[in-house]
Amino acid sequence: MILKNLRKKLSDSVIAVAPITVFVLVLGFIVIPKSADTILMFLIGAGFVVVGLMLFSAGAELSMIPMGESLGSSIQKKNKAFMLMMAFICGFVITIAEPGLIVLAEQVPDVSSDLLVFTVAAGVGLFLAVGFIRTIYKIPLKYIFLVFYTLLFIIALFVPQNFLPIAFDSGGATTGSMTVPFIMALGASIAVKSNQSDESDVFGLVAISSIGPILAVMLLGLIFAPEKSGEFSLTQIPLFTSHDMLFREFLLEIPYYIRDISLSLSPILVLYALTKVLVLKSKILDKHTWKTNKKSITHLVLGVILTFSGLVLFLAGANVGFLFMGKLLGENLAGLEYNWLLVPVGMVLGFFLISAEPAVSVLNTQVAAATNGAISKRTMKMSLSFGVAAAVGLSMLRVLTGISILWVILPGYVTAVVLSFIVPKKFTAIAFDAGGVASGPLTSAFLLPLAIGASVALESNVSADAFGLIALVAMTPLITVQIIGLKFYKQK
């Protein structure tokens, strides 16, 4: 059964990654001539991403989702103060393991990566607790968004221009392949155990959790108040004397990711084990308990191993092959006489790339189930693809013109919040969750470097102009998915 599932996940991974790979290869041969090593590095990276995506997707189903459901069920049995404390801890711990955040933090020039990760994790934990409060007291999601996004944009007026896009990017990068399956399972369990009959309560927790990092990083920006962008340089194409040396580039990175993922996953596993022992008083070593739960425990352990292996391979492929190629393509496209081609090329890349984001399939499956097939996986996929394409196009336009992110993101969120008062609340929750899911690790590892590379080549302000892409990728699905919800509502 597990082997059959792995074969299915491999097929899904190949289908997801193949379009973006083919397009980049064609683009690479046209824009970056005589760089066979660069093309081969990208191909090896794509192979790592495919295998990593396969292992992670299978592992998340066996481990992250069951652990989220189990933790939600366990903490729901306690008092509200305990639930909120556990919400903060769960949000903090799971965010530290988020690959999209790790990739983003390593590219931010104005603050140390560790400080950024811990600041973002605190923001997620705090607003995961807010999400629990909203579920428990049945507070309409649209009012949560109205209040907190109004607060966000008021604070944004005082945040340094160089730091503002990074703050908005942090909210998008947080809700990725690790956090989405866990938080969605946690939220679904809390909603069900709280006897919530409204399906919209199953969604929305990811969206609320993504507000916290933006607020937290804005406050960090007010404290640090960076006055100028960090230094970025043009990418140098490496010279390899053999293919073995090229492949070794990936192998040399694997030990670092093994260490990072081990440190990231360990707190999650410890938290889960402690909760099972302290909250449920489980006798894990008891013979009867072991015999009864042997299959589920075996699947959980196997799922953790697959998740761990998948994340290591995925990050190695994305950070070595995809990040390098993305930055190089951005630089070369921006150096063309017709550098406006950045906009349509970026849109095509965004359209294809969203299919390869690990958490997208998790959301699409849950949406299809929650709407009884009314919104199919294909419909969700297309709405996300067009939304992300528009976002990347706007981001490339910002790189070329230097338009402030507020001129783009403010009207976008105003539109999204206004729509939330018109469309059925279930679709609002799905749309805002979709925004968080769309901006995953591949967006951080390929599309953001594309914008950074273009900005470097144009000698513009990288922090102000290139960063913000992830935030726009997280914003546009809020509009496209709600429009689908509005259409569905009218048909009803």
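This section reports on the structure supplied with the text.

Thresholds applied
Residues numbered from 1 in each chain as written. Predicted model: local features only at pLDDT ≥ 70, side-chain atom pairs only at ≥ 80, totals over all residues. Heavy atoms only, no water. Helix = DSSP H or I, 4+ residues; strand = E, 2+ residues; numbered from the N terminus. Buried < 20%, exposed > 50% of the residue type's maximum accessible area, 1.4 Å probe, protein only. Contact = heavy atoms within 4.5 Å. Areas by Shrake-Rupley, 256 points an atom, 1.4 Å probe, with all protein chains shown as cover. Core = buried A, V, L, I, M, F, W, Y, C linked by side-chain atoms within 4.5 Å. Salt bridge = Lys/Arg side-chain N within 4 Å of Asp/Glu carboxyl O. Patch = residues over 30% accessible without salt bridge, like charges linked within 9 Å, V, L, I, M, F, W, Y side chains within 5 Å. Expected span 1.5 Å × (residues − 1). Arc of directions from axis to C-beta.

Along the protein, the regular secondary structure elements total 21 helices and zero strands. Out of the 492 residues in the protein, the part that is buried amounts to 59%. Of the contacts made within the protein by residues no fewer than 6 positions apart, 89% connect residues no fewer than 24 positions apart. For the protein, the accessible area works out to roughly 19700 Å², and carbon and sulfur atoms hold 67% of it.

The nonpolar side chains of a soluble globular protein tend to be buried, and buried together. With 156 residues, the main nonpolar core has Met218, Met380, Ile409 and Phe446 as its most contacted residues. Of the residues forming this core, the biggest block, 15 residues, is contributed by helix α13 (residues 287-334). Not counting residues within four places of it along the chain, the set of residues in contact with isoleucine 409 comprises Phe153, Phe168, Ala471, Leu472 and Met475. Core analysis: the next-biggest nonpolar cluster, separate from the first, contains six residues, Leu6, Met54, Leu62 and Leu306 among them.

Turning to unusual backbone geometry, a few remarks are in order. At lysine 138, a position not held by glycine, the phi torsion is positive, near 55°. Within the secondary structure, lysine 138 sits in the loop between α6 (113-137) and α7 (141-156). If you check the backbone angles, glutamate 459 has positive phi at about 55° while not being a glycine. Checked against the element boundaries, glutamate 459 lands in the loop between α19 (441-457) and α20 (462-465).

Moving on to the environment of phenylalanine 163. By the secondary structure assignment, phenylalanine 163 is in the loop between α7 and α8 (164-174). For phenylalanine 163, a relative accessible area of 0% translates into the label buried. It is 9.4 Å that separates the C-alpha atoms of phenylalanine 163 and phenylalanine 224, two residues lying 61 residues apart in sequence.

Here we come to the environment of threonine 415. In this structure, threonine 415 sits in helix α17 (residues 406-420). Given a relative accessible area of 35%, threonine 415 falls into the partly exposed group.

Time to look at the pattern of salt bridges. Scanning all chains against the criterion turns up one salt bridge. A salt bridge links lysine 327 to glutamate 331; its shortest N-O distance comes to 3.0 Å. Taken together, the residues span about one helical turn, with lysine 327 and glutamate 331 both in helix α13 at a distance of four residues. Pair check on accessibility: lysine 327 and glutamate 331 agree, each one buried.

Here we come to a nonpolar patch on the surface. The grouping of Ile133, Tyr137, Ile139, Tyr143, Leu146, Leu410, Val414, Val418, Phe421 and Ile422 at the surface amounts to a nonpolar patch, some 860 Å² of accessible area in total. For the nonpolar patch, the secondary-structure elements that each account for two or more residues are α6, α7 and α17. Among the elements that make up the nonpolar patch, the one with the highest residue count is α17 (three residues).

Taking 1.5 Å per residue, twelve residues should reach 16 Å; helix α14 (residues 342-353) reaches 16 Å between its end C-alpha atoms and fits that length. Those residues of α14 not exposed but buried are Leu342, Val343, Val345, Gly346, Leu349, Gly350 and Leu353. Angular distribution of buried residues about the axis of α14 spans 165°; they occupy a single face of the element.

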